[in-house]
Amino acid sequence: MATPDSHLVLHGLAIKKHADAEAVSKLIGLPVDRVKTALADAVKRGRAVEAQGRYILAPMARMSLDGEYSKYYSDLRANADFVAAYEGFERVNVELKTLITDWQTMDVAGKRVPNDHSNEAHDQRVIDRLGEMHERADKLFARLAAGLPRLQIYRDHLLAALEKAEDGAIEWVSDARIDSYHTVWFELHEELLRLMGRTRTE
Amino acid sequence: MARSLGTWTLALDGSASAEKSLIGGKAWSLARMRELGLQVPPAFVVTTRACTEYLRQGAEPAELAAELAAGIAWLEAQTGRRFGGGSQPLLVSVRSGAAISMPGMMDTVLNLGIDDATEAALAAECGDPAFAKDTHRRFLELYATIVLRGTAPELDRAATPAQWREQIATAAGAMIPATAVEQLQAAVRAVFESWNSRRAKRYRQHNNIPDDIGTAVTVQAMVFGNLDAHSGTGVLFTRNPLDGSPAPYGEYLPRAQGEDVVSGKFTPKPLDEMNKTVPDALAGLLAAARVLEAEHGDVQDIEFTVQQSKLWLLQSRAAKRAAPAALRIAVDLVDEKRIDIATALTRVTGEQLAALMNPRLADSDNGGKPPLASGEAACPGVGIGVVVTDSDEAERRAAAGEDVVLARPTTSPEDLHGMIAAKAIITEQGGSTSHAAVVSRSLGRPCVVGCGENALSQLKGRIVTVCGKEGRVHEGALPVIKPDESSDPRLAQFMQWKRAADEQEERKGTP
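About the cut-offs
Residues numbered from 1 in each chain as written. Chains lettered and ligands numbered in written order. Predicted model: local features only at pLDDT ≥ 70, side-chain atom pairs only at ≥ 80, totals over all residues. Helix = DSSP H or I, 4+ residues; strand = E, 2+ residues; numbered from the N terminus. Rg over C-alpha atoms; globule rule 2.2 N^0.38 Å. Buried ≥ 20, exposed ≤ 12 C-beta atoms within 10 Å, placed from the backbone. Contact = placed C-beta atoms within 7 Å. Domains from an automatic or database assignment. Nonpolar A, V, L, I, M, F, W, Y, C, P; charged D, E, K, R; others polar. UniProt positions renumbered as here; feature names shortened; annotations may be inferred. Pairing = 2+ DSSP bridges. Axes fitted to C-alpha atoms, helices over the stretch in contact; angles between N-to-C directions. Parallel < 35°, antiparallel > 145°, perpendicular 65-115°, else oblique. Left-handed = near helix turned anticlockwise from the far one by under 90°. pLDDT = per-residue confidence, 0-100. Core = buried A, V, L, I, M, F, W, Y, C linked by C-beta atoms within 7 Å. Expected span 1.5 Å × (residues − 1).

Q: Any chance you could explain the overall build of chain A here in plain terms?
A: A tally of helices and strands in chain A yields nine helices and five strands. Ordered by position from N to C terminus, the α and β elements of chain A give α-β-α-α-β-β-α-α-α-β-β-α-α-α. At 18 Å, chain A has a C-alpha radius of gyration in line with the 17 Å of a compact globule built from 202 residues. Projected onto its principal axes, the C-alpha positions of chain A cover 55 × 40 × 30 Å. Counting across all 202 residues of chain A, residues that qualify as buried make up 38%. For chain A, contacts bridging at least 24 residues in sequence account for 55% of all contacts bridging at least 6.

Q: Explain the domain arrangement of chain A here, please?
A: When the parts of a complex come together, some accessible area is lost, and that lost area is often taken as the interface size. Residues and elements named next belong to chain A. Domain boundaries assigned for chain A yield domain 1 (5–72) and domain 2 (76–196). On a C-alpha basis, the centroid separation for the pair domain 1 and domain 2 is 25 Å. Domain 1 puts nine residues into the contact, and the matching count from domain 2 is seven residues. Mapped onto the side of domain 1 that touches domain 2, the elements with two or more residues apiece are helix H1 (5–15) and helix H2 (21–28). Classifying every residue of the side of domain 1 that touches domain 2 by side-chain character gives five nonpolar, two polar and two charged.

Q: Sorry if this is basic, but what is going on with the domain arrangement of chain B here?
A: All names here are of chain B. With domains assigned, chain B is organised as domain 1 (3–221), domain 2 (232–318), domain 3 (323–356 + 485–509) and domain 4 (360–481). Put simply, the middle of domain 2 and the middle of domain 3, counted by C-alpha atoms, are 28 Å apart. Here the residues of the side of domain 2 that touches domain 3 are counted per class, giving four nonpolar, three polar and two charged.

Q: Help me understand the UniProt feature "domain: PEP-utilising enzyme mobile" (unreviewed entry) in chain B, please; the structure alone is not making it clear to me.
A: Look at the UniProt record and you will see "domain: PEP-utilising enzyme mobile" (unreviewed entry) annotated at residues 402–471 of chain B. For residues 402–471 of chain B, helix accounts for 21% and strand for 24%, while the C-alpha atoms at its two ends are 23 Å apart.

Q: In this structure, what is going on with the interface of chain B and chain A? I would like to understand it.
A: Taken together, the contact pairs 40 residues of chain B with 38 residues of chain A. Put simply, the parts of the chain that give the side of chain B that touches chain A at least two residues each are helix H8 (198–206), helix H12 (323–335), helix H14 (350–356), helix H16 (416–421) and helix H17 (435–443) of chain B.

Q: Sorry, what's going on with the sheet that holds strand E13 (residues 310–318) of chain B here?
A: Strand pairing in a sheet is mediated by backbone hydrogen bonds. Such pairs are either parallel or antiparallel. All names here are of chain B. Read from one edge of the open sheet, five strands run E11-E10-E9-E12-E13, paired in antiparallel fashion. Unpaired on one side and paired on the other, strand E11 (269–270) and E13 mark the two borders of the sheet. Taken together, the six bridges between strand E9 (residues 232–237) and strand E10 (residues 249–254) define a ladder with antiparallel strand orientation. By the bridge assignment for E10, Gly234 is matched with Tyr252.

Q: What am I meant to see in the sheet that holds strand E1 (residues 19–20) of chain A here?
A: All names here are of chain A. Pairing within the open sheet is antiparallel, and its three strands lie in the order E1-E3-E2. Because the sheet does not close on itself, it has two edges, and the strands there are E1 and strand E2 (48–51). Where helix H3 (residues 32–44) meets the sheet, its contacts fall on E2 and strand E3 (54–57), and the angle it forms with E2 comes to roughly 110°.

Q: When you look at the packing of helix H7 (residues 120–147) of chain A against helix H8 (residues 152–166) of chain A in this model, what are you seeing that I'm missing?
A: The description of two packed helices rests on the angle between their axes and on the distance between the axes. Residue and element names in this part refer to chain A. For the pair H7 and H8, interaxial distance at closest approach is 10 Å and the crossing angle is 165°. Looking at the two axes, H7 sits roughly antiparallel to H8. For the pair H7 and H8, the crossing hand works out as left-handed. Where H7 approaches H8, its residues Ile127, Leu130, Gly131, His134, Asp138, Phe141 and Ala145 are matched on the opposing element by Gln152, Tyr154, Arg155, Leu158, Leu162, Ala165 and Glu166.

Q: Hey, could you run me through the confidence of the model for chain A in this one?
A: Reading predicted coordinates in detail is not appropriate for stretches of low pLDDT. Averaged over all residues, the pLDDT of chain A is 92; the fraction at 70 or higher stands at 99%. Put simply, strand E5 (residues 111–114) of chain A is where chain A has its lowest mean pLDDT, 86, and H3 of chain A is where it has its highest, 96.

Q: Would you mind showing me how to read the pairing of strand E3 (residues 43–46) of chain B here?
A: Strand residues, when the strand is regular, have side chains that alternate between the two faces of the sheet. Residues and elements named next belong to chain B. The side-chain alternation of E3 yields two buried faces, one formed by Ala43 and Val45 and the other by Phe44 and Val46. Direction of pairing for strand E2 (residues 9–11) relative to E3: antiparallel, over a ladder of three bridges. Across the sheet, residue Ala11 finds its bridge partner in E3, namely Phe44. By the bridge criterion, four bridges tie E3 to strand E8 (residues 216–221) in an arrangement that is antiparallel. The partner of Ala43 across the bridge, within E8, is Gln220.

Q: So what exactly am I meant to see when it comes to the environment of Leu227 of chain B here?
A: All names here are of chain B. Along the chain, the position of Leu227 falls in the loop between E8 and E9. Along the sequence, Leu227 and Arg317 sit 90 residues apart, while their C-alpha atoms lie 27 Å from each other. Non-local contacts of Leu227, meaning those with residues more than four positions away in its chain, are made with Glu125, Cys126, Gln307 and Gln308.

Q: Where do I start with the packing of H2 of chain A against H3 of chain A in this structure?
A: All names here are of chain A. Taken N-terminus to C-terminus, the directions of H2 and H3 make an angle of 115°; their axes are 9 Å apart at the nearest point. Of the two possible hands of crossing, H2 and H3 adopt the one that is right-handed. Each of Ala21, Glu22, Val24 and Ser25 in H2 lies in contact with H3, whose residues at this interface are Val32, Val35, Lys36 and Leu39. Looking at the contact of H2 with H3 residue by residue, the class counts come to five nonpolar, one polar and two charged.

Q: Which parts of the structure should I look at to understand the nonpolar core?
A: Within soluble globular proteins, side chains that are nonpolar tend to cluster in buried spots. Judged by nonpolar contacts, the single largest core of 111 residues is most densely connected at Leu12, Phe44, Val45 and Ala330 of chain B. Of all the elements, H12 of chain B adds the most residues to this core, at nine residues. The residues touching Phe44 of chain B, leaving out its near neighbours within four places in the chain, are Leu5, Thr9, Leu10, Ala11, Leu12, Gly71, Trp74, Leu75 and Val219 of chain B. Tyr86 of chain A together with Val387, Val405 and Ile426 of chain B belong to the second-largest nonpolar core, a separate cluster that totals 66 residues.

Q: Mind showing me how you'd approach helix H11 (residues 279–296) of chain B here?
A: Helical geometry: 3.6 residues make up each α-helical turn, so side chains three or four residues apart lie on a common side. Between the first and last C-alpha of H11 of chain B there are 26 Å, a value that for 18 residues agrees with the 26 Å anticipated at 1.5 Å per step. Where H11 of chain B terminates, the next one or two residues include Gly297 of chain B, which has phi positive at roughly 60°.

Right, here's the structure in full:
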């Protein structure tokens, strides 16, 4: 079943809270004009709340949104290759989490201490591992995007964040305030969990 | 430092010196250790020139196969072991190494040379068939991922090596070569190929490194720390990397191979333990530690193996260190006249100084009073505020000027605004890799995770003090102290140097 704009924009807000129309448009792959119209409509119907051009879901809208995924993504949930790629993603996700932890903390004589980025060799090694992992994961991203073309955006953003980190702007590994590798990865994970109707396991 | 084995390879035999541009950084530091009179396992190098030639003509130089054989023969003569056969098999590691280290280069392949026959020989030699089989499995996994560039399937430990090879062939769509010699050739080629990996190419482009300088390949004999009671493996720090105190610090695992240290299967023992079984190796190790620290003018992290009482140094590099150690070591090395003040100033980063001056609890034990909740320490620091269980509420109340502590069962991207607003973050579920832990570290918010189901919801509305270092949530607002120069003479000394340097820099800046 085709997903209506009204669902897609709210879905975008579920992934990226406090996003403006521009950011929602980028995330869900709809022209910004259509996103603005759909957001204005959602605000009118009490499904979203606007503050200074940024939007959040209204609490009730969240619940009804959660109920909509099975309707719009039943085909995807039955798509064996998509499901297999999703399961592959969950496996790489375990690796990514370890990697991000190794980025933020380092092992000093068997003890975990915060990585204060004073050891360049350690940082380079982790970014190298991230690049290696990305190259393997990218094959999964391609299969996910084959099943649902708008997921390509995550693939592009992940590569962009990785390349910035590789070029020395190390905040692009995991800074939560920007679309860092970890930020985008986590949003993609949230997206996939919603599409597949699964819940996160910590 | 090296002797030619032909046109494309050099044996690192301690003779005439070789350029770093020819043998790469890793081989160069091995050769340098030999020059300093230290024992490193024998190694030979396929030079960067061979790589350049491979990249130019798209195939190995015709003589390379024969020179690899000569290199292996040299390693056999040095070690008294045989490659691909015999009762004492020679296994080697294969690693990449350009003159400038860069990402995307091939990872190290270990234990190359093991096959069904050498596995049996190794099992007999060390009296540990399980170790020999595990070595075989680890080699096949590494080879599949690194050389065949496939996703290694999970190899069933109970299966036979033939079944493992078949499993890998199916998953990787390529066969593992039948003989050790062919495996070595393929591994060398894989190093050459990695020169043109996406990451390596981007790195060179970004850092203006020429594309045609190539990488070298180091082939080194493996040593075994598990052959008998007089064998073992360990790591030594020339100073304590946690607090910086000057005594060497390290761990030793008797009768174990390098991977065992990482696996956590065994509990390592303090270095003194070596006095019981391998006292000469310990003396040699401590002497080597002094030499290497003097050579590099910095605290070293040294990996070593003792094989039948003989000490072998595997690697020495600048040690990772915690902030207190960074400060103490930098100041001490100046006092010992090992480095100058300008160098010392580069050894402690701004972030480390900030960490040293982080507020901490005046009494980390809170007078023995049990905490309200405790969990895994995810991000150090102290945060005090009223417990709020909703991210929107946290943001709203923080915006109104209140100090809040965000308590959640778990966090997800939807909680980011609440996490940014909070003074500290505590969660009921999840460990050190959970979203809450990752995000709080990236925000620098004190964080305790995994306090237990329903451990936090009842704290709603109470004032608490979160200690992210110990992983505890205390009742009320506890007194904190902010360390400064008056509490630490080394910090005072360092800051004085820093101010003097900054002033000088300023004077230079004004015309």
